[in-house]
Amino acid sequence: MSLTIAVPREIYAGEKRVAAVPEVVEKLLKLGFAVDVESGAGAAANFSDESYQAAGARIAGDAAELMDGADIVFKVRAPTPEEISLLKPGTTLVSFIWPAQNPELMQALANRRLTVLAIDSLPRQLSRAQKMDALTSMASISGYRAVIEAANAFGRFFNGQITAAGKIPPAKVFVAGAGVAGLAAIGTAANLGAIVRANDTRAEVADQVVSLGGEFVKVDYEEEGSGGGGYAKVMSEGFQQAQREMYAKQAREADIIITTALIPGKPAPKLITVEMVQSMKPGSVIVDMAGEQGGNCELTVPGEAVVRHGVTIIGYTDLVSRLAKQASTLYSTNLLRVTEELCKTKDGVINVNMDDDAIRGLTVIKEGSITWPPPPPKLPAAPPQAKPTAAAATPAKKSGHGHGAGEPASAKSLALMFGVGALLFWLVGAYAPASFLSHFTVFVLACFVGYMVVWNVTPALHTPLMSVTNAISSIIAIGALVQVAPPLGAGADGRPGTLILGLAVAALTLTAINMFGGFAVTRRMLAMFRK
């Protein structure tokens, strides 16, 4: 018997997202589930009840009616006590939960004997978990929206312009934290024409910042800042002091500061002090994306935009909901991918497999038992390191019976091999036609060049080398055309022999395929880097 997925209307103040959009409802039905949607659930994200009905969902009048027949509940925000009371024992809840910050909520859900999958607890270090990673989806939206809010509050253009009335300099944007949200903000601000600088405790993100058009500002203090799972860690006091000095300098120069720094399970670190705000130019803007966790700025008021010392400080906690339709579409797609992992048989029945690292990480409560935190996921084993050869460890043993497997060839063997090669070349030179000898020499040289250009290069570079190999293919094409020409390889009637003509035509055909295909692939690669 197939299960029913229920999609309630979010009642959290300011929340406009919905956990499933009509497009995803159609795909859930194909997996064998029935889908019920509370009336008005998607209205704030511009999804009408009629669009859900057209997709095949049933519309429930209110939350009580919806939950009465629910086996699985898709939500965005963690449920309130009133919503928890409507959930039947045995129901599976998929939602943002934040178990580290909400122990009372966890206990309340466990008391209802629910199975809870916290979408925020997904082990993000697993490559196959990326399609289910709602945190990344939402962070990219919030980073984009943060720049839009900054542009709305800022009194000038982002890009520099030269007008009849004078020259307008570009805005200077500083982004504190280059995670997913920070990178989205960097790319958006750079695309609007601003001069963008960014900093992060993880030095490995510097290349990503530069690739998006920003400049990475390094703290003059050496310390590793990666905390695992894509997050940063708490840094030492020495690093924090050097970081504050760098932030103070950037605050004096920047027109807009966007902060994104968060550490899981801890209050947002205070990066922007009152003194830094006072040093900023009047009319500057700070967008504090960590407002929901207390904010990275000491003057942030969560949920509000305030003006302090002539600086607009935006602490909105609903940045994602301000792009509700886009956010709902991405979030519901993430939940669809989770459902596909839970229902691989496509029969409308889920299997919460605790042996699956991704599902185990998501599952914070299993049938009323709290299973959070999960054990570390089993990552692929590192490839074994090559052992030193016996020759390097011990002196080679002298033997009069040749060499064993794995031992270097002896001087006698090398001499024999070169002797056989020389004999073959002498036979070719003594009995083959003079024209064949010249072609054979070119063939040997071509094999050597081909080996050095292609086979001797790491496979990761083979695709970029396609342009180079096209040049080699053109040489082959010229050689084939020369063979087709009457003087060389001609028969009695002045035309090339049938065998030579056939080989030349085949060479031209294969070379043309390689050349045109190579240029097509190269153009597609280049198009990926163009706007």
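Residues numbered from 1 in each chain as written. Predicted model: local features only at pLDDT ≥ 70, side-chain atom pairs only at ≥ 80, totals over all residues. Heavy atoms only, no water.

Asks: I tried to follow helix α1 (residues 22–30) on my own but got confused; where do I start?
Replies: Residues three or four positions apart in an α-helix share a direction because the helix packs 3.6 residues into each turn. The complete set of buried residues in α1 reads P22, V24, V25 and L28. The buried side chains of α1 occupy one side of the element, clustering within an arc of 150° when seen end-on. The positive-phi residue at the C-terminal boundary of α1 is G32, with phi of around 100°. (Buried < 20%, exposed > 50% of the residue type's maximum accessible area, 1.4 Å probe, protein only. Helix = DSSP H or I, 4+ residues; strand = E, 2+ residues; numbered from the N terminus. Arc of directions from axis to C-beta.)

Asks: Quick question: what am I supposed to make of the pairing of strand β14 (residues 256–259) here?
Replies: Consecutive side chains along a regular strand alternate between the two faces of the sheet. In β14, alternate side chains face the same way, and those of I256 and I258 on one face and I257 and T259 on the other are all buried. The pairing of strand β9 (residues 172–176) with β14 spans four bridges and is classified as parallel. Paired with V175 across the strands is I258, a residue of β14. Sheet topology places β14 next to strand β15 (residues 285–288); four bridges connect them, and they run parallel. When the sheet's bridge partners are listed, T259 is paired in β15 with D288. (Pairing = 2+ DSSP bridges.)

Asks: How should the confidence of the model for the protein be read in this particular structure?
Replies: A low pLDDT score tells you not to read the predicted coordinates there in detail. In this model, the protein carries a mean pLDDT of 85, and residues with pLDDT of at least 70 account for 83%. pLDDT under 50 marks residues 390–408. Its contacts with residues more than four places away, or in other chains, come to four contacts. Predicted confidence for residues 488–492 stays below pLDDT 50, and this span has 10 contacts to residues more than four positions away or in other chains. (pLDDT = per-residue confidence, 0-100. Contact = heavy atoms within 4.5 Å.)

Asks: Got a minute to help me understand the nonpolar core in this structure?
Replies: Across soluble globular proteins, you tend to see nonpolar side chains buried next to one another. Membership of the largest hydrophobic core comes to 48 residues, with the highest contact counts inside it found for V7, L28, F74, I119 and Y331. Of the residues forming this core, the biggest block, seven residues, is contributed by helix α11 (residues 324–342). Apart from the residues lying within four places of it in its own chain, the contact partners of F74 are I5, A6, V7, P8, A19, L28, V94, L335 and T339. Ranked by size, the runner-up nonpolar core spans 30 residues in total, among them A171, L183, I186 and V205. (Core = buried A, V, L, I, M, F, W, Y, C linked by side-chain atoms within 4.5 Å.)

Asks: So what exactly am I meant to see when it comes to unusual backbone geometry here?
Replies: Excluding glycine, most residues fall at negative phi; most peptide bonds, likewise, are trans. A cis amide bond, omega 0°, links W372 with the succeeding residue P373. If you trace the backbone, P373 turns up in the loop between β19 (369–370) and α13 (390–393). The residue W98 is not glycine, and still its phi comes out positive at about 55°. Along the chain, the position of W98 falls in the loop between β5 (92–95) and α5 (103–111). Owing to a relative accessible area of 36%, W98 belongs among the partly exposed residues under this scheme. Despite not being glycine, H309 has its phi angle at roughly 55°, a positive value. Its location among the elements puts H309 in the loop between β16 (305–308) and β17 (311–314).

Asks: Help me understand empty space enclosed by the protein in this model?
Replies: The method is simple in principle: a probe with the dimensions of a water molecule rolls over the atoms, and the space it marks as empty is what remains. Considering all chains together, one arrives at three cavities of 30 Å³ or more under this definition. As a volume, the largest cavity reaches approximately 40 Å³. What lines the largest cavity is simply K172, V173, F174, I195, R197, Q250, E253 and A254. Elements supplying a minimum of two residues to the lining of the largest cavity: β9, β10 (195–199) and α9 (237–253). The dominant element in the lining of the largest cavity, judged by the number of residues it contributes, is β9, at three residues. (1 Å grid on protein atoms, 1.4 Å probe; cavity = no way out; pocket = protein on both sides within 12 Å on 5 of 7 lines; lining within 4 Å. Points joined across faces, edges and corners; volume = space filled by probe spheres on them.)

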